[in-house]
Amino acid sequence: MIKNIRFIVLFLLAVSASAVVMAQSTATTSSPYSKYGLGLLSDPTLPQTTAMGGIATGVNRINGYNNINSQNPASYGFINFTTIDVGVYSTFTTLKQDGSGSQSNANFRLSHVAFAIPVSKKSALSFGLQPYSELGYNYVQSKSNLGTTSPTDTNAVNNIYSGDGGLSKAYLGYGFNLFKGLYLGGNVSYIFGNLQQYRSVEIPNLPGNLNSRIEESNQVGGLNYDFGAQYSIDIKEGTHLTFGYSGSASTNLHSTYRYVASLYQKDFTTGDESVAADTIVNQTQSGAKIKLPLINHFGITFQKDGKFLVGADYSTGKWSSLTIAGVNQDLQNTQAINVGGQFTPNANQLHNYFAAVDYRLGFNYQKTYVNVDGTSINQKAITFGFGFPLAPNNQGLSFYKINFAAEIGQRGTLANGLIKENYYNFHLGFTLNDKWFRKYKFD
């Protein structure tokens, strides 16, 4: 049975890895706000902490289960079982704008794959693959009279904006116990992917007109570094208070930046386009850099083993310093607050399964790095979820849990002609804790 489960997990790992890598060139979001910066930044938390509002900085082992928390690599020092976590993700978004009705979109993908392997009693290695950012949008802004005020000009002009792609993050990390209560850790990450954005100007009612398009793309690859610390205080046996800090260093990613401006004809009755009639500009800058900012996370959790966990995080990011190919992206600094927890009626209950289930609830608020014409784009969400334990193996050396999380949130505003997004995100993960590399004794 255990061998079968391991085979299934390894199969899911391979599929997950392929899907996450493919996400770098396929849109997995439908948000017009993803056009700014590097796209919508992905939350690195797994479903078990996403359901608790996204708290992570002070989180390590949850209710006796090893938890892979890449946001704070110091948490790896608490891992004492080989741990594997794989998951899927779906989002449903409704876009609204005053005077323009609404539009609904849905996206689905395999989300993450993460491993952790104990090195000693109080240290472990972790490695995995997860999304870093998502880029995906397509919308049209139309103006009459070619954008002029002339009443004799009846030609409308369509400005079409679209983008596709995203960045992925492959990491390798190590966490360890330095002395009683203090854990330290770090990740080395490789961030890679492709970001493509298009701007087109089309005049549907002007026969023979040449339409124009600008394409900007960034092929990205480079190293980033995460570091963290946790200090855990045992209030009494089975009750812990943990303080956490983690950060992501300001580093440069390498980028091949391409800018192409072209002219083309289009049949507006069929939507067919001709091959570009002329390429006005075709520039490639292979030595471009993307300078990532310093990001800081602060967190605290209070946990009674087998019963409850509550916590809060506060995060800041200096995204106003983000530059792409030497050009500042006019973003604002970010701030985020995450609050949440979980409750387990009786983790050791044998005759009432629902008493052993983890019930999770949380809330988060974020000032994103997007600011449109002086209006800050913020997002907020209520989160909830469950941890469903599965029966361990006969020797009690393998444990499994299915984690489900849901986010009901809102991004943006209807003020100043902007767009408000209502989103519903669903996460499903499978966690395996297993004693691998055991030495067997024979009489």
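The following refers to the structure shown. (Residues numbered from 1 in each chain as written. Predicted model: local features only at pLDDT ≥ 70, side-chain atom pairs only at ≥ 80, totals over all residues. Heavy atoms only, no water.)

## Some remarks on the packing of aromatic side chains
Under the counting rule described, the total for this entry stands at 18 aromatic pairs. Summarising the aromatic geometry, the rings of Tyr 137 and Tyr 139 are spaced 6.1 Å apart at their centres and angled 40° between planes, so their arrangement reads as tilted. On the basis of relative accessibility, which here comes to 7%, the residue Tyr 137 falls in the buried class. Taken together through their ring pairs, the aromatic side chains of Tyr 65, Phe 81 and Phe 399 make up a single cluster. Note that Arg 213 overlies the ring of Tyr 264, its terminal NZ or CZ placed 4.3 Å from the centroid. Cation over ring: Lys 401 sits above Tyr 65, and NZ or CZ is 3.9 Å from the ring centre. (Phe/Tyr/Trp six-rings, centres within 6.5 Å; stacked < 30°, edge-to-face > 60°. Buried < 20%, exposed > 50% of the residue type's maximum accessible area, 1.4 Å probe, protein only. Lys NZ or Arg CZ within 6 Å of the ring centre and 35° of its normal.)

## Observations concerning the environment of Asn 252
As for its position among the elements, Asn 252 is in strand β9 (residues 252-264). Considering only alpha carbons, one finds Asn 252 and Gly 222, 30 residues apart in sequence, at a separation of 7.0 Å. Once residues within four sequence positions are removed from consideration, Asn 252 is found in contact with Leu 223, Lys 289, Ile 290 and Lys 291. (Helix = DSSP H or I, 4+ residues; strand = E, 2+ residues; numbered from the N terminus. Contact = heavy atoms within 4.5 Å.)

## What to know about the environment of Leu 95
Within the secondary structure, Leu 95 is located in strand β2 (residues 82-96). Taking relative accessible area as the criterion, Leu 95 reaches 13% and is therefore assigned buried. Linking Leu 95 and Lys 420, residues 325 residues apart in sequence, is a C-alpha distance of 5.9 Å.

## Overview of the side chain of Glu 421
By secondary structure assignment, the location of Glu 421 is in strand β21 (residues 420-434). Glu 421 gets classed as buried once you look at its relative accessible area, which sits at 0%. Among the polar contacts made by the side chain of Glu 421, one reaches the side chain of Arg 411 at a distance of 2.5 Å. (Polar contact = N/O pair within 3.5 Å; in protein donor to acceptor, adjacent residues only side chain to side chain.)

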